[in-house]
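What follows is each chain in one-letter form.
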Amino acid sequence: MIQQLSVFMENRTGILSAVLDILKQAEIQLYAISIADTADYGICRIICDNPSRARQALMDAGVAASLSDVCAVELDNTPGAAADMVSLFAREGLSLAYLYTFLYKDRPVMVFRTDDAAKAKTILESGGLCCFNW
Amino acid sequence: MIWNPSKECMPEEQKRELQGKRLHKVVDYVYHNVLFYRTKMQELGLEPGDIRTIDDIVKLPFTTKQDLRDNYPFGLQAAPQSEIIRIHASTGTTGNPTIVGYTRKDIDIWSECMSRCLTAYGVRRSDIFSVAYGYGLFTGGLGVHYGVENLGATVVPASTGGTQKHAKLLKDLGITGLACTPSYALHLAEVVEKSGIGKDELKLRVGAFGAEPWTESMRQEIESRLGLKGYNIYGLSEIMGPCVSYECECQHGSHINEDHFYPEIIDPQTLRPIPAGEDGELVFTTLTKTGMPVLRYRTRDLCSLLPGDCPCGRTFVRMSSIKGRTDDMLIIRGINVFPSQVESVLLGIPECAPYYRLIVDRVNNLDTLTVQVEARAEYLSRDMDTLSPIAALEKKVAARLRDVLSISSAVQIKMPGSLERFEGKAKIVTDNRKLI
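Parameters and conventions
- Residues numbered from 1 in each chain as written.
- Chains lettered and ligands numbered in written order.
- Predicted model: local features only at pLDDT ≥ 70, side-chain atom pairs only at ≥ 80, totals over all residues.
- Helix = DSSP H or I, 4+ residues; strand = E, 2+ residues; numbered from the N terminus.
- Rg over C-alpha atoms; globule rule 2.2 N^0.38 Å.
- Buried ≥ 20, exposed ≤ 12 C-beta atoms within 10 Å, placed from the backbone.
- Contact = placed C-beta atoms within 7 Å.
- Pairing = 2+ DSSP bridges.
- Axes fitted to C-alpha atoms, helices over the stretch in contact; angles between N-to-C directions.
- Arc of directions from axis to C-beta.
- Nonpolar A, V, L, I, M, F, W, Y, C, P; charged D, E, K, R; others polar.
- pLDDT = per-residue confidence, 0-100.
- Domains from an automatic or database assignment.
- Parallel < 35°, antiparallel > 145°, perpendicular 65-115°, else oblique.
- Left-handed = near helix turned anticlockwise from the far one by under 90°.
- Core = buried A, V, L, I, M, F, W, Y, C linked by C-beta atoms within 7 Å.

When its secondary structure is counted, chain A shows four helices and seven strands. Taken from the N to the C terminus, the helices and strands of chain A come in the order β-α-β-β-α-β-α-β-β-α-β. For 134 residues, the compact-globule formula gives about 14 Å, and the C-alpha radius of gyration of chain A, at 16 Å, lands near that figure. Over its C-alpha atoms, taken along the principal directions, chain A stretches across nearly 45 × 30 × 25 Å. Per-residue burial for chain A yields a buried fraction of 22% across its 134 residues. Counted over contacts in chain A with a minimum sequence separation of 6, partners at least 24 positions apart contribute 67%.

Residues and elements named next belong to chain B. Where strand E18 (residues 352–363) lies against strand E19 (residues 366–375), nine bridges are found, and the strand directions are antiparallel. Counted as the bridge partner of Arg357 is Gln372 from E19. Between E18 and E19, which pair antiparallel in sequence order, lie two residues; one of them, Asn364, sits at a positive phi of approximately 50°. In this sheet, strand E20 (residues 410–414) lies alongside E19 in parallel orientation, the contact comprising five bridges. In the sheet register, Val371 faces E20, and the bridge partner there is Val411.

Each strand in a sheet pairs with another by means of backbone hydrogen bonds, the pair being arranged parallel or else antiparallel. All names here are of chain B. Read from one edge of the open sheet, four strands run E20-E19-E18-E21, paired in mixed fashion. Strands with a single pairing partner mark the edges of an open sheet, and in this sheet they are E20 and strand E21 (429–431). The mean angle between the axes of side-by-side strands here comes to 15°, regardless of whether they run parallel or antiparallel.

All names here are of chain B. Where helix H7 (residues 163–172) is concerned, the buried positions are His166, Ala167 and Leu170. Buried residues of H7 fall within an arc of 100° about the axis and therefore sit on the same side. Exposed residues on H7 whose side chains face more than 90 degrees from its buried face are Lys165 and Asp172. Against the buried residues of H7 lie strand E3 (128–131) and helix H8 (182–194). Of the residues trailing H7, Gly174 is marked for its positive phi of about 65°.

Another point: the interface of chain B and chain A. Facing 17 residues of chain B, the contacting portion of chain A comprises 20 residues. In terms of residue class, the side of chain B that touches chain A is made up of eight nonpolar, five polar and four charged.

On average, residues of chain A score 90 in pLDDT, and 99% of them reach the 70 mark or higher. The spread of mean pLDDT over the elements of chain A runs between strand E7 (residues 130–131) of chain A, the lowest at 77, and helix H1 (residues 15–25) of chain A, the highest at 96.

How big an interface is tends to be reported as the loss of accessible area on association of its parts. Residues and elements named next belong to chain B. As assigned here, chain B comprises domain 1 (1–326) and domain 2 (330–435). Measuring from the centre of the C-alpha atoms in domain 1 to the corresponding centre in domain 2 gives 32 Å. Here the side of domain 1 that touches domain 2 takes four residues from H8, the largest share from any one element. For the side of domain 1 that touches domain 2, the per-class residue count stands at four nonpolar, 10 polar and two charged.

Moving on: the packing of helix H10 (residues 339–347) of chain B against helix H12 (residues 388–405) of chain B. Residues and elements named next belong to chain B. Axis separation between H10 and H12 bottoms out at 10 Å; the angle between their running directions is 140°. Relative to H12, H10 is oriented oblique. Between H10 and H12 lies a crossing of right-handed hand. Judged by residue contacts, Gln341, Val342 and Val345 of H10 engage Arg400, Leu401, Val404 and Leu405 from H12.

All names here are of chain B. Spatial ordering of the open sheet is given by E4-E3-E5-E6-E7-E8-E9-E14-E13, a layout of nine strands whose pairing is mixed. The open sheet is flanked by strand E4 (154–156) and strand E13 (305–306), the only strands paired with a single partner. Along the sheet, helix H6 (residues 139–151) contacts E3, E4, strand E5 (177–180), strand E6 (206–210) and strand E8 (241–247); its crossing angle with E8, the most-contacted strand, is approximately 65°. Of the strands in this sheet, E6 and strand E7 (229–236) are in contact with helix H9 (residues 216–226), which crosses E7 at around 130°.

It is worth spelling out unusual backbone geometry at this point. Cis peptide bonds are those with omega within 30 degrees of zero, and the linkage from Tyr72 of chain B to Pro73 of chain B qualifies with -5°. Located in the positive-phi region is Lys105 of chain A, a residue other than glycine, with phi close to 50°. Unlike most non-glycine residues, Arg333 of chain B shows phi in positive territory, near 50°. With respect to the element layout, Arg333 of chain B can be found in the loop between strand E16 (330–332) and strand E17 (335–337). Judged by the 21 C-beta atoms lying within 10 Å of it, Arg333 of chain B falls in the buried class.

Attention now moves to the nonpolar core. Residue and element names in this part refer to chain B. With 90 residues, the main nonpolar core has Cys117, Val131, Ala132 and Ala185 as its most contacted residues. The element that contributes the greatest number of residues to this core is helix H5 (residues 104–121), accounting for eight residues. The contact partners of Ala185, leaving out residues within four places of it in the chain, are Leu178, Cys180, Gly207, Phe209, Ile222 and Leu226.

Tracing the sequence through the fold places Lys15 of chain B in helix H2 (residues 12–33). Those residues within four positions of Lys15 of chain B in sequence are excluded, and the remaining contacts are Met10, Glu258, Asp259 and Thr315 of chain B.

Printed below as a string of structure tokens:
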């Protein structure tokens, strides 16, 4: 499991810039960023080197941010790796709430959330994949 | 045609004499039956015998919406419960609605006054008249309904909603008259047009519109799209309901049913009378009601009483259109909404911060209410990695607001600190309808 920082943001010009600027001032190194949006607002999800300090910096600046444990798995950097991983879940009937990827030291990492993290871990390990821990 | 010329065209002197007699009677009645009025009169050193002519009315205390709320539910009712045959209610600002009980005599007077309105609009026994005000606690539906029956025309109790079916009935039944809010009339026009019904297939000729502010340009649009002539109707549940005043064919102000509802215009600050023709707050005294009479009720509506005679022959004084309010009440789809009602709902939801805005607009001829509210930072800083808690919060706020306001609204959750803070008087409401 790794810690993900999430920030609720209104869909308004300048909001993302303000949030990222706070993280820049706090010298936070970002590894991944993903935004899900609706017409009025979105959730910005961030993987970074120091999630606790990043959250504190945001809260100090008056921006509400939360930390949650999410699953992450390292994949081979080869065609079909993502398909194979997701098919493990599909076969077991485990659905995904969201998913995004990033490269960590040239290795692809897939971040995702399911209803049942323990079951996800078992499925991945039985498929020979390694859950990522920070 | 005039429904009741003996009253509607009464010579001035005779009218004032009748008003004076009725005022004395109602004052005597409430003094002996309503503790609230007796106490207020005694505080001013007044007894019923001090009120003899209509000019004595200025001696009497005012009644406010707050008084009605403080005496919820039956504190101002003068008649015993066994005499009350109906209850109506209007929305309250902080949960308590205003309850009005009607005796059989009140309902008869209401129907009489409503028949005067309808006759002035040109409605006759041969008409088929559709009432598309809401039926229920709101006075619009049943109030107009009883008037149409009293007049002897055919009433179609369409109520609101079911607009598609209503459009079909307009054509199939050959409906000739319509009563509803002006915004609903425009919505109905749109549904008629979308259903492929041509204006020439409709037999509509008369419309009675009110319960919300409307403009001359809205009148023209309704008239041209539905092919009818639109008349204003004014009323409020605290006094009776629709029927308090009505336009005649001259359409220069609305005649007040003065033998039953006595109007005054006062300065809302000094509470002194204002001369005819000048704008001020409209105040009504019910002269004949027995269920819940009210003395000098401050409507909070701003308008003027028009001087001079009306060419139609009626001697009942005319009031101008309503030019605004002395409080922050909004009328949305015919329903009274106070910003404080919204505030009380939001304060009861722990996820919400006490910063909010109301945005009122008119989209496709229907009023819309959008409520923006900031979420609390503590709420947004736990397990907020998907949007579903936000969607759930929006639903929860919308459902609570619906319960209290009786109308639906769109809710937008805002980031903490994103709504502007005001040091002086906060500008909470933005009304984009441009009605005046």
